[in-house]
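Descriptive structure summary
The residues making up each chain are set out below.
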Amino acid sequence: KLILIVRNYKESIPRHKEGKTTLSTLKNSCSSNKSSENYTQMLEYYEYFSGDKIIIYYEDLITKLKPTLKKIINFLGEEDKYLESFFNEIEIHKNKSIRIYGVSQTKGEHINHHSKKMSKQQRKNWDEFIKNNHKNLFDKYLKRYEEDE
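Residues numbered from 1 in each chain as written. Predicted model: local features only at pLDDT ≥ 70, side-chain atom pairs only at ≥ 80, totals over all residues. Heavy atoms only, no water.

**A few points about the side chain of His134**
Checked against the element boundaries, His134 lands in the loop between helix 8 (120-133) and helix 9 (135-142). Among all residues touching His134, those that are not within four sequence positions of it are Cys30, Thr40, Glu44 and Phe129. (Helix = DSSP H or I, 4+ residues; strand = E, 2+ residues; numbered from the N terminus. Contact = heavy atoms within 4.5 Å.)

**Here's the deal with helix 9**
Those residues of helix 9 that fall on the buried side of the exposure criterion are Leu137, Phe138, Tyr141 and Leu142. For helix 9, the angular spread of buried residues about the axis comes to 105°, placing them on one side. Packed against the buried residues of helix 9 are strand 1 (2-6), helix 1 (9-16), helix 3 (39-48), strand 2 (53-57) and helix 8. (Buried < 20%, exposed > 50% of the residue type's maximum accessible area, 1.4 Å probe, protein only. Arc of directions from axis to C-beta.)

**Structural notes on the nonpolar core**
When a protein is soluble and globular, its nonpolar side chains tend to lie buried together. Counting 21 residues, the largest nonpolar core has Val6, Tyr9, Leu43 and Leu142 as the members making the most contacts within it. For this core, the secondary-structure elements that each account for two or more residues are strand 1, helix 1, helix 3, strand 2, helix 8 and helix 9. Here this core gets four residues from one element, more than from any other, and that element is helix 9. Beyond its immediate sequence surroundings of up to four residues, Tyr9 is in contact with Pro14, Tyr39, Trp126, Asp127, Ile130, Phe138, Leu142 and Tyr145. Counting residues in hydrophobic clusters, the runner-up holds nine residues, among them Ile54, Leu61, Ile73 and Phe75. (Core = buried A, V, L, I, M, F, W, Y, C linked by side-chain atoms within 4.5 Å.)

**Quick word on the pattern of salt bridges**
Using the criterion set out here, one finds twelve salt bridges in the structure. Residues Lys10 and Glu147 are paired through a salt bridge, measuring 3.9 Å at the closest nitrogen-oxygen approach. Of this pair, Lys10 sits in helix 1 while Glu147 sits in the segment after helix 9, and the two are 137 residues apart along the sequence. Neither Lys10 nor Glu147 differs from the other in exposure class; each is buried. Among the ionic pairs, Lys143 bridges to Glu146, the shortest N-O distance being 3.0 Å. When its relative accessible area of 44% is taken as the criterion, Lys143 is described as partly exposed. Several salt bridges share partner residues, and in doing so they unite Lys10, Arg123, Asp127 and Glu147 into one network. (Salt bridge = Lys/Arg side-chain N within 4 Å of Asp/Glu carboxyl O.)

**A few points about helix 5 (residues 65-76)**
With twelve residues, helix 5 extends 16 Å from end C-alpha to end C-alpha; this agrees with the ideal 16 Å at 1.5 Å per step. Listed as buried for helix 5 are Thr68, Leu69, Ile72, Ile73 and Phe75. Projected down its long axis, helix 5 shows its buried positions confined to an angular sector of 160°, all on one face. Of the exposed residues in helix 5, the ones pointing more than 90 degrees away from its buried face are Pro67 and Asn74. Taken from the residues just after helix 5, Gly77 is the one with a positive phi, measuring 75°. (Expected span 1.5 Å × (residues − 1).)

**With respect to the environment of Leu4**
Position of Leu4 among the secondary structure elements: in strand 1. For Leu4, a relative accessible area of 12% corresponds to the buried category. In this structure, the C-alpha to C-alpha distance between Leu4 and Tyr46, residues 42 residues apart in sequence, is 7.1 Å. Setting aside chain neighbours within four positions, we find Leu4 in contact with Met42, Leu43, Tyr46, Ile54, Ile55 and Ile56.

Below you can see the structure in the form of structure tokens.
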């Protein structure tokens, strides 16, 4: 079984590239030979994976945690008997996660941080690059991140 967690490329790439938001940063992140650094390669792997798979969006984990966790539990074929007790102590779990994570800019409270540092035109340029170079992946998995007109 495969679970792929996807985050907005305008957030995840700058997060892992020291806040760099240039178009060349995006291009390099979509052409790296290191699979752990190649944003689109992970989506391509997911696309062609023939086993059971599910895509989870990072933003849903932040904004719709309970239904998203239920979706994951159901996908794994597990019971959700501990879910209520988990949610009764959600702040404890959240704080432990943040401490383990290290430096967090948003403390799990916001889904947009790095993209706010980009101009609207920069964000549109990033969308256009992904659309033009990875149209299928964009249309299937990333359209939700497209900048509004």
